[in-house]
Structure formats: C-alpha cells, structure tokens
Number of protein chains: 2
Amino acid sequence: MVLAGIRIILVEPAGSRNVGSIARVMKNFGLHHLILVNPQCSCLGAEAKQMAVHAQDVLESAVVVAKLTDALQGCKRAIATTARPRDWDIPLEHPSIALPWLLEPAAQPAALIFGREDSGLTNEELNYAQRFIRIPSNPEYPSLNLAAAVGICCYQLGESLESFSPEDNSSQESPKTDLAPLEVVEAYHQQLESLLLKIGYLYPHTAPSRMEKFRQMYHRTQLQNREVAMLRGVLRQMEWALSHQVEEGRSEGVME
Amino acid sequence: MVLAGIRIILVEPAGSRNVGSIARVMKNFGLHHLILVNPQCSCLGAEAKQMAVHAQDVLESAVVVAKLTDALQGCKRAIATTARPRDWDIPLEHPSIALPWLLEPAAQPAALIFGREDSGLTNEELNYAQRFIRIPSNPEYPSLNLAAAVGICCYQLGESLESFSPEDNSSQESPKTDLAPLEVVEAYHQQLESLLLKIGYLYPHTAPSRMEKFRQMYHRTQLQNREVAMLRGVLRQMEWALSHQVEEGRSEGVME
C-alpha cells in the first residue's frame, strides 16, 4: 500500500503531546511509519499515548534514531518541510504539487521530514532532501503547530492518492527507474568532497557551503544507481591519477 | 476579506487545549471568527492561551453563546462537519467540493460547524446546516482530533481561495531560475569528455556512448548558469593538477 511506504520523520521533536497527535493523524490517513530523530522529550511516553488515542500501534512501532541519515536509510526520495524562505534559492513547492512524487512506486520507501517545533530544520538537514514544501499560510502568522502541519500533509497525501493513477504517472515520468537510495548518493557526495579538498578546489572552511550546492544539484537530478556508479568511477580514476602525482611530489601552483 | 467572513463554530467543546490549537490554526490560514456554543470547559483559559501562542487575538475576540442558533445569527450559509455516515440520506461531501461555497461573497457571513470531540453533532444540530462534509479518512480509524479537523478545513479553505486567484500561485512555484543555455551545458560536456579521455576513464571508442549517459543525466538536472560554472571550475582545477603531473612524466599504471 502506497501510503504505508511513506515515513514521517520528526527531527528533534520536543513535545510529547505533539508526537501523540501526529501518531493519531497519521493513522487517520493510513500512514504508519513514524521515526523520531534525537527526540528532546520522552516523546513516546504517557502524554503521547494519551493524545494518540486509538493509534497506540503507530507509537509502539515508532523508531528512535540518533541522526537524520539513519532515519533516511534505504529511502529513495525525501521531501522536507520548511516554514520560511531561507537564504538559498531552492524552490519551495506547494504540498499538492510535490507530495504526489512520494506516492510513485519507484520512490518508496519515501520520507517526509519535519523540523523542530521552534526552529524547524537546519540548512544542513534540509540538504538531505530533494524537494521542499511550504504549506501556504497567513503571512501575519505563518508558523503552524507541528501536529497541524503533519496533519495537513497527511490529508494532502490522501487527496493526492485519490487523484493519482500510477500507470499514467510512472510511464510518463520515470521509465523503469532504478533510483539510488539516499545513503548511496550521500556516499558519493562525501567521496566528491574529499577529492575536491585534495585538489584544492575546496578549502575546509568553504567546503560545507559549497557542498550544499553540489548536493542540491545532484538531489534535483534524482540519480539512478548506475549513474552514481558512473560518477564514482570518475572520482576513483581521478583519485588514482592524483595519488600518483602526490607520490611524485606535488609542485606549488597559483590557481587562476 | 473573504476568509475573515467565515465563522468557525465549535459546539460544546470540552478540551481547552483543542480550542487554543484551533485559534492558532485559524490565524495561520487567515480566519479570525471563533464561536463556542455552550463550552464544557474553561475553554478560553490558560491552557487555550498556551496553545494559541501568537493567536491570542483570536481567543480574545472569541464569542461564547448558549445555542447553535445564536452562533448562526446573520449567517447566509452553513456547512456542518461529520465523521460518520448517519441514518439519514443527506450526501456527505468532500471538503474541496463544498467549502468553496462559503467563499462566495453572497454567502457571507458564512459558518463552518464542528461538533463535540467525542460525539460530534446531533441530528438536530446537523439540520441547521445546508451542506455536510466529511474529511476522507482511513476506515480503520476515521475519527480525527477536533483541532486536526479544523486545521484541515482551514487549509482547504485557503486552497479553494487560491484557486480563485491564480496570480498568487505562480509567484510561489517558480523560483528565480537562471537556466543555462544548452550551448553552455554542451561546452561543459565537451570539457568533461576531454578530461575523462585524458585520465583514462574514457577511451576514444567508448566515449560517445558513455558521454550520452552524462548528457542524459545533466540535461535532466536542468543546470543553472552558476552550477555549470561550478562544474567547470572543478574540471579546470583537475586539469591543472593533471597537467602538472604530465609535465613531471606520467607513470604507467594498471587500472582497477
């Protein structure tokens, strides 16, 4: 079932009542997979249980992990939610536009990521996602309660499913795709970063912000497994060439 | 303003935290008129205030009345929400179908009526409305939390409003993109090919088919000008490193 293939990931939630409400509304719309990243409360305790009412099963099967990357393990696609425009020019999409993308069979398991109640997701965390949604809201008070935001997204996923005919979509958008899991893409990014540091394209203090740009670009591409293998093959060959040079003593040079 | 012309009416609410959450989500979507019919809690007290956060104004201007008919005073149209099919044959509509009907100027002031947390609205109360909506949900656990139901309806009202004014929408979806012209992307591909030949990743007889894969991948990405500049910067730096090595005499090596 396609809704059950979507994980709801909460990064550092701090309100156990919110977590309980989220379990309830997830089950209301047919979602079951809840993952808490480094929770800041006893988020699956008594208050959560009280709010979950008849969704105790969602709470009981919830998984607690230390890092966002652990939560994303095995996922093919991830969408992050964010309340405010940030200092980057990645498009924030409307939930009704972006969420159907998680329902395609090739996308699953898929992830929908929500940030902290007070401060949302950091830029670094946002970079683990490929698309970004913002729930349109009143500019005078745009900040939704976490459980309200999850509820609206679950509702919108249900709506999208109703108007969704997998045959049309899959044949049109993704001809037999073999999407690379996010951790495979991340391993490529790390290999790329280490090479770029080695050749002096990156410096340690500029690496994080510059790597953000590479991550954004490659996430948008939705790399397939064979493409990641190809890109990593290029890196390996370059590393081989470089290691030879290093052995022979690298000369100093001024970059253009 | 057309959203402000819609009253949210809660019949005998019993949870003050719910009422506070409702005030918040109403303001999030531009609604301000909250009416409580015979509340069963100190529904505008401390707990409500805590949950309302920056929507204290909605709580402070909320009106408490004794009967549903008082709450409906002056309204032109009313829609009631109900969770379950009842023993009457009035159709339950989808929120996206029925809610736009409250946005028509002729309809206002209009009302959206929600029942008790545990038992909803009585048949008698339902009879004060003209249309009836049910939020589609999982048959295994259809019963939504009251605040979640109000939140979803407010979101749907906002959606319905947006589809009236398409010009608001377009600005949100397409960010300021700066797509690279195809010839710029092609110049990158050629520079990439020449580097890959130099490092021995490509051989002249395999280059065309392999470069096809790179072209497919990067075309799918829809590279922006600054991204092409970044990718070419990496190639330049790599070429610089390599040219140094070549000058120093490249040793023969067996590739893995």
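Computed from a predicted structure; not experimentally measured. (Residues numbered from 1 in each chain as written. Chains lettered and ligands numbered in written order. Predicted model: local features only at pLDDT ≥ 70, side-chain atom pairs only at ≥ 80, totals over all residues. Heavy atoms only, no water.)

Caption draft 1: Fine view of the packing of helix 1 (residues 16-28) of chain A against helix 7 (residues 146-162) of chain A. All names here are of chain A. At a closest axis distance of 9 Å, the pairing of helix 1 and helix 7 adopts a crossing angle of 10°. The angle between helix 1 and helix 7 places the two elements in the roughly parallel class. Counting all contacts with helix 1, which are made through Asn 18, Ser 21, Ile 22, Val 25 and Met 26, the residues of helix 7 involved are Leu 146, Ala 147, Val 150, Gly 151 and Cys 154. Its residues assigned to classes, the contact of helix 1 with helix 7 shows 7 nonpolar, 3 polar and no charged. (Axes fitted to C-alpha atoms, helices over the stretch in contact; angles between N-to-C directions. Helix = DSSP H or I, 4+ residues; strand = E, 2+ residues; numbered from the N terminus. Parallel < 35°, antiparallel > 145°, perpendicular 65-115°, else oblique. Contact = heavy atoms within 4.5 Å. Nonpolar A, V, L, I, M, F, W, Y, C, P; charged D, E, K, R; others polar.)

Caption draft 2: Spotlight on the pairing of strand 1 (residues 6-11) of chain B. Residues and elements named next belong to chain B. Across the 6 residues of strand 1, 6 count as buried, placing the element largely inside the fold. Both faces of strand 1 are covered, namely the face carrying Ile 6, Ile 8 and Leu 10 and the face carrying Arg 7, Ile 9 and Val 11. Judged from the 5 bridges that link them, strand 1 and strand 5 (residues 110-114) form a sheet pairing that is parallel. Along strand 5, the bridge assignment pairs Ile 8 with Leu 112. The pairing of strand 1 with strand 2 (residues 33-37) spans 5 bridges and is classified as parallel. Along strand 2, the bridge assignment pairs Ile 8 with Leu 34. (Buried < 20%, exposed > 50% of the residue type's maximum accessible area, 1.4 Å probe, protein only. Pairing = 2+ DSSP bridges.)

Caption draft 3: Spatial organisation of the packing of aromatic side chains. Residues and elements named next belong to chain A. Overall, the coordinates contain 8 aromatic pairs over all chains when judged by the stated rule. Ring geometry for Phe 29 against Tyr 155: centres 6.2 Å apart, planes inclined by 75°, an arrangement best described as edge-to-face. Here the residue Phe 29 occupies a position in the loop between helix 1 and strand 2 (33-37), and Tyr 155 occupies one in helix 7, the gap between them amounting to 126 residues. Taking the relative accessible area as the measure of exposure, Tyr 155 reaches 1% and is therefore buried. (Phe/Tyr/Trp six-rings, centres within 6.5 Å; stacked < 30°, edge-to-face > 60°.)

Caption draft 4: Seen up close, the packing of helix 9 (residues 182-198) of chain A against helix 10 (residues 207-221) of chain A. All names here are of chain A. Interaxial distance between helix 9 and helix 10 falls to 11 Å at its minimum, and their mutual angle equals 140°. One finds that helix 9 runs oblique with respect to helix 10. Helix 9 and helix 10 meet at a crossing whose hand is right-handed. Across the interface between the two elements, Leu 182, Val 185, Glu 186, Tyr 188, His 189, Gln 190, Leu 192, Glu 193, Leu 196 and Leu 197 from helix 9 touch Ala 207, Met 211, Phe 214, Arg 215, Tyr 218 and His 219 from helix 10. Taken together, the residues of the contact of helix 9 with helix 10 break down into 10 nonpolar, 3 polar and 3 charged. (Left-handed = near helix turned anticlockwise from the far one by under 90°.)

Caption draft 5: The sheet that holds strand 1 of chain B, seen in detail. Residues and elements named next belong to chain B. The 6 strands are arranged 3-2-1-5-4-6 in an open sheet whose pairing can be described as parallel. One side of each edge strand has no neighbouring strand; the edge strands of this open sheet are strand 3 (63-65) and strand 6 (131-133). Neighbour-to-neighbour, the strand axes of the sheet open up by a mean angle of 25°, direction not taken into account. When strand 2 meets strand 3, the two strands line up parallel, connected through 3 bridges. By the bridge assignment, Leu 36 is partnered in strand 3 with Val 64. Relative to strand 2, helix 1 (residues 16-28) is tilted by about 155°, and along the sheet it contacts strand 1 and strand 2. The strands touched by helix 7 (residues 146-162) are strand 1, strand 4 (77-81), strand 5 and strand 6; relative to strand 5, the strand with the most contacts, the crossing angle is about 150°.

Caption draft 6: Examining the pattern of salt bridges more closely. Residues and elements named next belong to chain B. Under the defined criterion, the tally for this structure stands at 13 salt bridges over all chains. For Lys 27, the salt bridge goes to Asp 57, with nearest N and O atoms at 3.3 Å. Taken together, the residues span a long stretch of sequence, with Lys 27 in helix 1 and Asp 57 in helix 3 (residues 56-60) at a distance of 30 residues. Owing to a relative accessible area of 10%, Lys 27 belongs among the buried residues under this scheme. The class of Asp 57 is partly exposed, set by a relative accessible area of 35%. (Salt bridge = Lys/Arg side-chain N within 4 Å of Asp/Glu carboxyl O.)

Caption draft 7: Just the domain arrangement of chain A, in detail. Residues and elements named next belong to chain A. For chain A, the assigned domains read domain 1 (3-173) and domain 2 (182-247). The C-alpha centroid of domain 2 is placed 29 Å from the C-alpha centroid of domain 1. If you look at the interface, domain 1 gives 15 residues, while domain 2 gives 8 residues. Carbon and sulfur atoms make up 49% of the area that domain 1 and domain 2 hide from each other, which totals about 1,100 Å². Sorting the residues of domain 1 by area buried against domain 2 places Asn 127, Tyr 128 and Gln 130 first, and these three jointly supply 45% of that buried surface. There are 0 salt bridges connecting domain 1 and domain 2. Residues of the side of domain 1 that touches domain 2, tallied by class, amount to 8 nonpolar, 5 polar and 2 charged. (Domains from an automatic or database assignment. Buried area = accessible area lost by both parts, 1.4 Å probe.)

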